[in-house]
Amino acid sequence: MFSTQDVLETVNMIDREHLDIRTVTMGISLLPCVRESAQKTADAVYDEVMKKAGNLVSVAEALSREYGIPIVNKRVSVTPVSLVTAAFPKASGLIAKALDKAAKDLGIDFLGGYTALVHKGMTSYERDFINTIPEVLSSTERLCSSVNVGSSKSGINMDAVALMGNIIKKCAEATKERCGFGCAKLVVFCNAVEDNPFMAGAFHGVGEASPVINVGVSGPGVVLHAIEAAPESNLTELSETIKRTAFKITRAGQLVAKEAASRLGAEFGIVDLSLAPTPARGDSVAEILEMMGLERVGTHGTTACLAMLNDAVKKGGVMASSKVGGLSGAFIPVSEDAGMIDSVKEGTLALDKLEAMTAVCSVGIDMVAVPGDTPEDTIAAIIADEAAIGMVNNKTTAVRVIPAPGKNVGDEVNFGGLLGKAPVMPVHPESSSAFIRRGGLIPAPIHSNKN
């Protein structure tokens, strides 16, 4: 039973504090779609996605009206496509076009799962598949791609890391008329999770039910206002405030997720607790950290503030939902966070500090624009650094970096919508090529041996 205060508080969170359900994502297995040819497989993939997700948008919109909670995105994730096209990897583009057409016909904003999992080794068909990514992302609108190059159990596949540095450069060049937009749809992971509802890194794990509904909630503005209302609290008290707020946000996600799953004939998967910012003022993770006492994000103390925020969000959220999963933390995508953008422009927030911050939050170096002439080995080295943080700390880390063609430090790229705009950030000029070209596998840490 909800009290009047509960109702008014929720209304205020929606109307004034940017509370929303960031995404309702349906996961669909494509394994039953494999046929004897690429074209027949593509046809079966299209039919399967349309059949399973045909009512996704209408159900989400109905729930939004009934509960009064904005549901910003309706999305689909599918089985890693490299598994589906193993017999004809060079023809994977046919499946990509089928998925992109399904996304358009469904009216969803993104579809994730053009994915390869190569964290321990890379077969010839996986290499061929990965090499199709630049062409696929430049010729499709709504399809997203990801590659997992490492894990805490297997180590880091440095051959795959080197290849992804090259692939990211090719993606940027293939979409240069849109400032390298293809790279905004490509994520390189360490410890990728199978139930992530957020793009561009979502894919449907082979251990998941099908179809399944995973929901991502988002309420940076709600947390910001809660902290603003507690100016005299010490950090222990502030942590409790954040936990209580995360609990309320997550309950909204749980409600929508279970009802959506019921109406769509799907299983309820997880609620992802992540604080996902938008370019709107007042809906920023950076502004939360500054409200906690930092003059500007990027200064000394930023990592500590972020660690506390991330921990409190997790603790509050797990008490509010029967199933928590995905990434579940605070996101720090530069182009999608107004406060992060301000700090980069002022020179307070640099790439090295961002890297340090990723050790304590979700997910990694995200939506960062770098100069268009950044060498592919430098990009690979950035990926290797992030993967090392994830591997050693047993957490998901990722890189979504855009080497913007023709752009230099101080320029700006604008992707529009939730992807926002990004100031071009400098990278170190010193070369990492000799390290990257060694190849091989960085072994997993000793604490990975837990059996």
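Residues numbered from 1 in each chain as written. Predicted model: local features only at pLDDT ≥ 70, side-chain atom pairs only at ≥ 80, totals over all residues. Heavy atoms only, no water.

A. Main features of the packing of aromatic side chains. One pass over the structure, following the stated rule, counts 3 aromatic pairs. Taking the centre distance of 6.0 Å and the plane angle of 50° together, the rings of phenylalanine 181 and phenylalanine 415 count as tilted. Of this pair, phenylalanine 181 sits in the loop between α8 (158-174) and β6 (186-190) while phenylalanine 415 sits in the loop between β11 (412-414) and β12 (421-423), and the two are 234 residues apart along the sequence. In terms of burial, phenylalanine 181 and phenylalanine 415 fall into one category: buried. (Phe/Tyr/Trp six-rings, centres within 6.5 Å; stacked < 30°, edge-to-face > 60°. Helix = DSSP H or I, 4+ residues; strand = E, 2+ residues; numbered from the N terminus. Buried < 20%, exposed > 50% of the residue type's maximum accessible area, 1.4 Å probe, protein only.)

B. Geometry of the packing of α8 against helix α15 (residues 376-393). Packing of α8 against α15 brings their axes to within 8 Å, and their N-to-C directions diverge by 130°. One way to sum up the angle between α8 and α15 is to call them oblique. As α8 packs across α15, the resulting crossing turns out to be right-handed. On α15, the residues touching Met158, Val161, Ala162, Met164, Gly165, Asn166, Ile168 and Lys169 of α8 are Glu376, Ile379, Ala380, Ile383 and Ala384. The residue inventory of the contact of α8 with α15, partitioned by class, reads 9 nonpolar, 2 polar and 2 charged. (Axes fitted to C-alpha atoms, helices over the stretch in contact; angles between N-to-C directions. Parallel < 35°, antiparallel > 145°, perpendicular 65-115°, else oblique. Left-handed = near helix turned anticlockwise from the far one by under 90°. Contact = heavy atoms within 4.5 Å. Nonpolar A, V, L, I, M, F, W, Y, C, P; charged D, E, K, R; others polar.)

C. Examining the packing of helix α10 (residues 235-264) against helix α12 (residues 302-318) more closely. Between α10 and α12, whose axes approach to 7 Å, the crossing angle comes to 45°. By the angle between their directions, the pair α10 and α12 is classed as oblique. α10 and α12 meet at a crossing whose hand is right-handed. In this structure, α10 contributes Leu235, Leu238, Ser239, Ile242, Lys243, Ala246, Phe247 and Thr250 to the contact, and α12 contributes Met308, Leu309, Ala312, Val313, Lys315, Gly316 and Gly317. The residue inventory of the contact of α10 with α12, partitioned by class, reads 9 nonpolar, 4 polar and 2 charged.

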